[in-house]
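Notes for the structure review
Residues per chain are reported as follows:
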Amino acid sequence: MQSLSGFRLPFSRNFIFHQGFLRSSEVFFCPLIKIGSFNNYEQYRFRSDFAPRRVKHRKAHKGRVPVRTGGSTKGNTVVYGDYGLRVKDGVRLSSSQLTAAWQAIKRKIKVIKGSQVWMRVFPDIPVTSKGNETRMGKGKGSFEYWACRVPLNKIVFEVGGGGIRREVAKDALRLASDKLPVRTEFVEAQKVDIIQNI
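These figures come from a predicted structure and were not determined experimentally.

This part covers the packing of aromatic side chains. In this structure the tally under the stated criterion is 5 aromatic pairs. With centroids separated by 5.7 Å and ring planes inclined at 90°, the aromatic side chains of Phe50 and Trp102 adopt a geometry described as edge-to-face. Of this pair, Phe50 sits in the loop between strand 3 (41–46) and strand 4 (83–87) while Trp102 is found in helix 1 (residues 95–109), placing the two residues 52 residues apart along the sequence. Among the aromatic residues, those joined into a cluster by ring pairs are Phe50, Trp102 and Phe122.

Set out below in structure tokens:
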């Protein structure tokens, strides 16, 4: 077997470790990463960071974090959950940063039955890099990681469901904010009372 980071090749169940959701007779496709070998047996695991299943282009321009000059407030309020984490600066977040924050939230709220977490951004921009002191030319650098551009005041994570208390949600989102390289704030969903005229 060869190292399979980033490639999609067919393997049957008896060659790799996996989560146990397929029967042994099935052949499936998944991105795998080689993490070691011993006694002519190679061990693989699933890729853990967030990444798109497929993209139209392998590489992209650097781009800039959008600055909303027209007064747009899209994505600035809590929609799905009861509490949210809002960024206070425009920033580019990597897949590993978002994954670490997601796992911190899930670990904190998993004891509350019915609780959920929503991620309002997704890393779908490929970031490339070239080695230090490399001469000009020779094409664009190789793929490094996935990232997403998050504008000012955008909600990144939301939690809710299961009657989650404000203190627990705030603590979970605080743990997530420690994983992110940007200033954040804790926000609550606005309760709007609809009064019907009879």
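Moving on to the side chain of Arg86. Mapping Arg86 onto the fold places it in strand 4. Overall, Arg86 belongs to the buried group, its relative accessible area being 18%. Only 2.6 Å separates the side chain of Arg86 from the backbone oxygen of Asn76, close enough to count as a polar contact. Apart from residues lying up to four places away in sequence, Arg86 is in contact with Asn76, Asn153, Lys154, Ile155, Arg183, Thr184, Glu185 and Val187.

Between its first and last C-alpha atoms helix 2 (residues 166–177) spans 16 Å; for 12 residues at 1.5 Å apiece the expected length is 16 Å, and the two agree. For helix 2, every residue scored as buried is listed here: Val168, Ala169, Ala172, Leu173, Ala176 and Ser177. Where the residues of helix 2 are buried, they touch strand 4, helix 1, strand 9 (155–160) and strand 10 (184–188).

All right, on to the sheet that holds strand 5 (residues 91–94) then. Read across the sheet, 3 strands follow the order 5-8-7 without closing on themselves; strand pairing throughout is antiparallel. At either margin of the open sheet sits one strand with a lone partner, and together these are strand 5 and strand 7 (125–129). Averaged over all pairs of adjacent strands, the angle between strand axes in this sheet comes to 50°, irrespective of strand direction. With respect to the sheet, helix 1 is in contact with strand 5 and strand 8 (142–150), its orientation differing from that of strand 5 by roughly 75°.

Turning to the sheet that holds strand 4, a few remarks are in order. Spatial ordering of the open sheet is given by 6-9-4-10, a layout of 4 strands whose pairing is antiparallel. The two strands at the open ends of the sheet, each matched to only one other strand, are strand 6 (116–119) and strand 10. Geometrically, the sheet is characterised by an average inter-axis angle of 20° between neighbouring strands, direction not taken into account. When strand 4 meets strand 9, the two strands line up antiparallel, connected through 4 bridges. Across the sheet, Leu85 pairs through a bridge with Phe157, a residue of strand 9. Sheet strands in contact with helix 1 are strand 6 and strand 9, and its direction is about 165° off that of strand 6. Each of strand 4, strand 9 and strand 10 touches helix 2; the most contacted strand, strand 4, lies at about 30° to it.

Our next topic: the environment of Val150. Summarising the element assignment, Val150 is placed in strand 8. By relative accessible area, which is 0% here, Val150 ends up buried. If we skip the residues at most four places from it in the chain, Val150 touches Val65, Val87, Asp89, Gly90, Val91, Leu93, Val121 and Val156.

This part covers the pattern of salt bridges. Oppositely charged side chains can pair when the atoms bearing their charge come close. Throughout the structure, instances matching the rule amount to 9 salt bridges. Lys108 is the partner of Asp171 in a salt bridge, and the nearest nitrogen-oxygen pair spans 2.9 Å. Within this pair, whereas Asp171 is found in helix 2, its partner Lys108 is found in helix 1, the two being separated by 63 residues in sequence. Classification of Lys108 as partly exposed rests on a relative accessible area of 31%. Residues Arg174 and Asp178 are paired through a salt bridge, measuring 3.6 Å at the closest nitrogen-oxygen approach. On the basis of relative accessibility, which here comes to 42%, the residue Arg174 falls in the partly exposed class. When its relative accessible area of 55% is taken as the criterion, Asp178 is described as exposed. If you follow the salt bridges from partner to partner, you end up with Lys108, Asp171, Arg174 and Asp178 in one network.

What counts and how
Residues numbered from 1 in each chain as written. Predicted model: local features only at pLDDT ≥ 70, side-chain atom pairs only at ≥ 80, totals over all residues. Heavy atoms only, no water. Phe/Tyr/Trp six-rings, centres within 6.5 Å; stacked < 30°, edge-to-face > 60°. Helix = DSSP H or I, 4+ residues; strand = E, 2+ residues; numbered from the N terminus. Buried < 20%, exposed > 50% of the residue type's maximum accessible area, 1.4 Å probe, protein only. Polar contact = N/O pair within 3.5 Å; in protein donor to acceptor, adjacent residues only side chain to side chain. Contact = heavy atoms within 4.5 Å. Expected span 1.5 Å × (residues − 1). Pairing = 2+ DSSP bridges. Axes fitted to C-alpha atoms, helices over the stretch in contact; angles between N-to-C directions. Salt bridge = Lys/Arg side-chain N within 4 Å of Asp/Glu carboxyl O.

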